[in-house]
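# Per-entry structural report
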Amino acid sequence: MKKNIIVANWKLNGDIKTISCYLTYLKLRSSSFSKKNIIVIAPPTVFLERVYKDINNTNICLGAQNVDVNLTGAFTGENSALMMKDVGVKYIILGHSERRLFHNENNEIIAKKFSLVKKLNLIPILCIGETEIEKKSNKTEKSLKIQLKSILNVCGEKAFRNTVIAYEPVWSIGTGISADPKNVQLIHQFIKNYIKKYDSVSAENLIVQYGGSVNSLNTENFLKQPDVNGLLIGSASLKHEEFLKIIKISDNIL
Ligand code: 13P
């Protein structure tokens, strides 16, 4: 059965007033969402508890945008996976290209975070994707393999059981240029086949979502692809009207 996971990555946006208004609208409609869709809101860390209080008894899940590589200790300014779990987080976005670029996160650090998140029975949403240069030099598959292999090296062949992978081509994030859905289908197949070489159970159940300039106009074209199992949405998830439109399109497709 096809299931879609639709994730709102609010990045560094929002304030108490707008979040409260947004969630009021979302909750009003949430009982009509298809059970086949998993809806996740990933607000900035400081608002996690606030959002959880609002969505607690609904079918909307809480996601975090990042987590520290340590669980506790003298690491000023950080938040751990244990703390995330404590405030109701279920999904944690890891390895987003903005973390890789602006916070120097490499594959090794991301793999350590992935391992911690899994140990706590939280669900990682691992972001992988190629840069524009890699795409232009036909190195997309090579780049994705390196990013996946680093997780397998640290967490073992069954690493991708009960996880989500977000294919986010770096050149598409925040640019308004989305990838070609047919090409995305091929890349998602490639990702699943690559993981299958290590563990067929992981590959069978793997959720691979697409992210990069998704909006309500291109949602259907992505979700129609058999191996696109959801969307990771940045700017289009900031307005409740647009996010609700996207959820409705996903509901209608399933
Ligand atoms: P945009 O939807 O704004 O392109 O961002 C995508 C993204 O980075 C989601 O994680």
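As the structure is a computational prediction, the values presented were derived from the model and not from experiment.

### Observations regarding helix α11 (residues 240-253)
For α11, built from 14 residues, the straight-helix expectation of 20 Å at 1.5 Å per residue is met to within 8% by its first-to-last C-alpha distance of 20 Å. Every buried residue of α11 is listed here: H240, E242, F243, L244, I246, I247, I249, S250 and D251. Buried-residue contacts for α11 involve β1 (4-9), α1 (16-30), β2 (37-42), α10 (219-223) and β8 (230-233).

### Examining the state of the cysteines
Throughout the structure, instances matching the rule amount to zero disulfides. Summary of cysteine pairing: C127 is not part of a disulfide, and the nearest cysteine sulfur, belonging to C155, is at 16 Å. A residue is classified by how much of its surface remains accessible, and C127, at 2% relative accessible area, is buried. Using a relative accessible area of 26% as the deciding quantity, one classes C155 as partly exposed.

### Section: the pairing of strand β5 (residues 123-128)
The buried fraction of β5 amounts to six of the six residues, a majority that puts the element mostly inside the structure. In β5, alternate side chains face the same way, and those of I123, I125 and C127 on one face and P124, L126 and I128 on the other are all buried. Pairing of strand β4 (residues 91-94) with β5, which is carried by four bridges, proceeds in the parallel orientation. Residue pairing for β5: L94 is matched across the bridge by L126. The sheet contact formed by β5 and strand β6 (residues 164-167) spans four bridges and is parallel. Bridge pairing links I125 to V164 in β6.

Rules used in this analysis
Residues numbered from 1 in each chain as written. Predicted model: local features only at pLDDT ≥ 70, side-chain atom pairs only at ≥ 80, totals over all residues. Heavy atoms only, no water. Helix = DSSP H or I, 4+ residues; strand = E, 2+ residues; numbered from the N terminus. Expected span 1.5 Å × (residues − 1). Buried < 20%, exposed > 50% of the residue type's maximum accessible area, 1.4 Å probe, protein only. Contact = heavy atoms within 4.5 Å. Disulfide = S-S within 2.5 Å. Pairing = 2+ DSSP bridges.

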